[in-house]
Amino acid sequence: VGHCHPDIVKAAHEQNQLLNTNSRYLHDNMVDYAERLSKTLPDKLCIFYFLNSGSEANDLALRLARQYTKHEDVIVLDHAYHGHLTSLIDISPYKFRNLEGQKEWVHVAPVPDTYRGLYREDHKDAVTAYADEVKNIIEQAHQRSRKIAAFFVESLPSVGGQIIPPAGYFQKVAEHVHKAGGVFIADEIQVGFGRVGKHFWAFQLQGEDFIPDIVTMGKPIGNGHPIACVATTREIAEAFAATGVEYFNTFGGNPVSCAIGLAVLDVIEKEHLQAHATEVGNFLMKLLEEQKIKHPIIGDVRGSGLFIGVDLIK
């Protein structure tokens, strides 16, 4: 919502003057914030865990998936980056290819990129072709007696090149993953909170019939303040709680962080920032399209709202 937004600064300052505690102490801000977030999400995603960073959120999502499914393996997209913790470097091809390499429990699917990927715009059914790649990975894993815990994906792959997956891809992939006993995790850390303009969450670009099992949030959630969140279903949360090992995070969901999170949602609403992202994004895309006509080096211009990619070619 912009650097040093006065409403955010004020919310942090006011709550700092009142109380900031370890999150074992109950505080209305956490409940109020969870309620506000729940209004932006499908009803099914009704349990919230608060953390300090997107990396923490993705690590917890991995734990939730494994506990719920009792499986270990994870499918990710090529070039993906999901965070700096060891567990996340392991599921980030963008990083692990330069480090220890691919672990046996990690499976890499091709990015559903219809511009420069395996199946392109001229393919008769790129959506099914890309989803079938995931299906094949699952079948090969099963042949090696490995079981899939999750398909872990950014709703719009960012490090992978600002990719807009074709509509319907997530639905088809989710079908294969659920059939294998896994869950679908949507990483909204870079692309959530109205950035894509048309919708509050980027996964909603896939259509109203698609709902992930777990959604992770970070980056814009606190406008620079360290706060993050994992939203999931009651079933997954209950399986996680059934271990008897409670989830605890000293600073995750503390009163100051939640006051800031609430203020961010207020500003997004009050200043119509979602509509603004659509308007400014469309304007920028139009200008970039004009440049594309003039310059052969611009191969593709793609995006939604203020998530935009320009693909340069030789």
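Model, not experiment: these values are computed from the prediction.

Engineer: Would you mind showing me how to read the nonpolar core here?
Structural biologist: Most often, soluble globular proteins have nonpolar side chains that are buried together. Counting residues in each nonpolar core, the largest one holds 54 residues, and the members touching the most others are Y33, F151, Y169, F193 and M217. Y169 has contacts with L77, P110, P112, V127, Y130, A131, V134, F151 and Q206, leaving out every residue within four places of it along the chain. Among the nonpolar cores identified, the runner-up in size contains 26 residues, and A65, V106, A150 and V230 belong to it.

Engineer: Would you mind showing me how to read the environment of G197 here?
Structural biologist: Turning to its location among the elements, G197 is positioned in the loop between β5 (183-187) and β6 (214-217). We classify G197 as buried; its relative accessible area is 5%. Measuring from C-alpha to C-alpha, the distance between G197 and Y68 comes to 33 Å, with 129 residues separating the pair along the chain.

Engineer: In this structure, what is going on with unusual backbone geometry? I would like to understand it.
Structural biologist: Excluding glycine, most residues fall at negative phi; most peptide bonds, likewise, are trans. One non-glycine residue with positive phi stands out, namely K70, at about 65 degrees. You will see that S145, though not glycine, has its phi angle at about 60 degrees, which is positive. Its place among the elements puts S145 in the loop between α6 (126-143) and β4 (148-154).

Engineer: I tried to follow the pattern of salt bridges on my own but got confused; where do I start?
Structural biologist: Pairing between side chains becomes possible if they bear opposite charge and their charged atoms approach one another. Tallied over the full model, the rule gives 15 salt bridges. The salt bridge partner of D7 is K270, with a shortest N-O separation of 2.4 Å. Pair noted here: D7 is in helix α1 (residues 6-18) and K270 is in helix α9 (residues 255-270), with a separation of 263 residues, a long-range link. You can call D7 partly exposed: its relative accessible area is 29%. Residue K270 is classed as exposed on the basis of its relative accessible area, which comes to 52%. With its nearest N and O atoms 2.7 Å apart, the salt bridge here joins R302 to D300. The class for D300 is buried, based on a relative accessible area of 11%.

Engineer: What exactly am I supposed to notice about the sheet that holds strand β3 (residues 106-109) here?
Structural biologist: What links the strands of a sheet is backbone hydrogen bonding, and the strands pair in either a parallel or an antiparallel sense. Strand order across the open sheet formed by seven strands is β1-β7-β6-β5-β4-β2-β3, with mixed pairing between neighbours. At either margin of the open sheet sits one strand with a lone partner, and together these are β1 (47-51) and β3. Averaged over all pairs of adjacent strands, the angle between strand axes in this sheet comes to 20 degrees, irrespective of strand direction. Bridge count for β4 against β5 is five bridges, and the pairing is parallel. Looking at β5, one finds that A150 is bridged to V183. Relative to β1, helix α2 (residues 28-38) is tilted by about 120 degrees, and along the sheet it contacts β1, β6 and β7 (228-232).

Engineer: What is the right way to read the layout of surface pockets from this model?
Structural biologist: Where empty space is left can be seen by rolling a probe of water-molecule size over the atoms. The calculated volume of the largest pocket comes to roughly 450 Å³. Along its surface, the largest pocket is lined by 21 residues, and S23, L26, M30, F48 and F50 are the ones closest to its centre. At the level of secondary structure, the elements contributing two or more residues to the lining of the largest pocket comprise α2 and β1. When grouped by side-chain class, the residues that make up the lining of the largest pocket number eleven nonpolar, eight polar and two charged.

Engineer: Would you mind showing me how to read a nonpolar patch on the surface here?
Structural biologist: On the surface, I297, V310 and L312 cluster together into a nonpolar patch covering about 260 Å² of accessible area. Within the fold, L312 resides in strand β9 (residues 307-312). Here L312 falls in the exposed class, since its relative accessible area comes to 51%.

Engineer: What exactly am I supposed to notice about helix α3 (residues 54-69) here?
Structural biologist: Because the α-helix completes a turn every 3.6 residues, residues three or four places apart line up on one side. With 16 residues, α3 extends 22 Å between its outermost C-alpha atoms, agreeing within 8% with the 22 Å of an ideal straight helix rising 1.5 Å per residue. Buried within α3 we find G54, S55, A57, N58, L60, A61, L62, L64, A65 and T69. Positive phi appears at K70, one or two residues downstream of α3, with a value of about 65 degrees.

Engineer: Explain the pairing of β6 to me, please; I cannot follow it from the model alone.
Structural biologist: Side chains on a regular strand alternate between the two faces of the sheet. The two faces of β6 match: I214 and T216 on one face and V215 and M217 on the other face are all buried. Where β5 meets β6, three bridges bridge the pair, whose relative direction is parallel. Its bridge partner lying in β6, D187 is registered against T216. Bridge count for β6 against β7 is four bridges, and the pairing is antiparallel. When the sheet's bridge partners are listed, V215 is paired in β7 with A231.

Engineer: Just checking my understanding: could you explain the pairing of β9 for this structure?
Structural biologist: Sheet topology places strand β8 (residues 298-304) next to β9; six bridges connect them, and they run antiparallel. Bridged to I298 within β9 is L312. Hairpin geometry of β8 and β9 is characterised by an intervening segment of two residues between the two adjacent antiparallel strands and by a positive phi of about 60 degrees at G305.

Engineer: It is not clear to me how the packing of α1 against α9 should be interpreted in this structure. Could you clarify?
Structural biologist: If you want to describe how two helices pack, look at the angle between their axes and the distance between the axes. α9 packs onto α1 with a crossing angle of 155 degrees between their chain directions and a minimal axis gap of 8 Å. Between α1 and α9, the interaxial angle falls into the category roughly antiparallel. Taken as a pair, α1 and α9 cross one another with a handedness that is right-handed. Every residue of α9 that contacts α1 at D7, I8, A11, A12, Q15 and N16 is listed here: P255, V256, A259, I260, A263, V264, V267 and K270. Of the residues belonging to the contact of α1 with α9, the class tally is ten nonpolar, two polar and two charged.

Cut-off values and rules
- Residues numbered from 1 in each chain as written.
- Predicted model: local features only at pLDDT ≥ 70, side-chain atom pairs only at ≥ 80, totals over all residues.
- Heavy atoms only, no water.
- Core = buried A, V, L, I, M, F, W, Y, C linked by side-chain atoms within 4.5 Å.
- Buried < 20%, exposed > 50% of the residue type's maximum accessible area, 1.4 Å probe, protein only.
- Contact = heavy atoms within 4.5 Å.
- Helix = DSSP H or I, 4+ residues; strand = E, 2+ residues; numbered from the N terminus.
- Salt bridge = Lys/Arg side-chain N within 4 Å of Asp/Glu carboxyl O.
- Pairing = 2+ DSSP bridges.
- Axes fitted to C-alpha atoms, helices over the stretch in contact; angles between N-to-C directions.
- 1 Å grid on protein atoms, 1.4 Å probe; cavity = no way out; pocket = protein on both sides within 12 Å on 5 of 7 lines; lining within 4 Å.
- Points joined across faces, edges and corners; volume = space filled by probe spheres on them.
- Nonpolar A, V, L, I, M, F, W, Y, C, P; charged D, E, K, R; others polar.
- Patch = residues over 30% accessible without salt bridge, like charges linked within 9 Å, V, L, I, M, F, W, Y side chains within 5 Å.
- Areas by Shrake-Rupley, 256 points an atom, 1.4 Å probe, with all protein chains shown as cover.
- Expected span 1.5 Å × (residues − 1).
- Parallel < 35°, antiparallel > 145°, perpendicular 65-115°, else oblique.
- Left-handed = near helix turned anticlockwise from the far one by under 90°.

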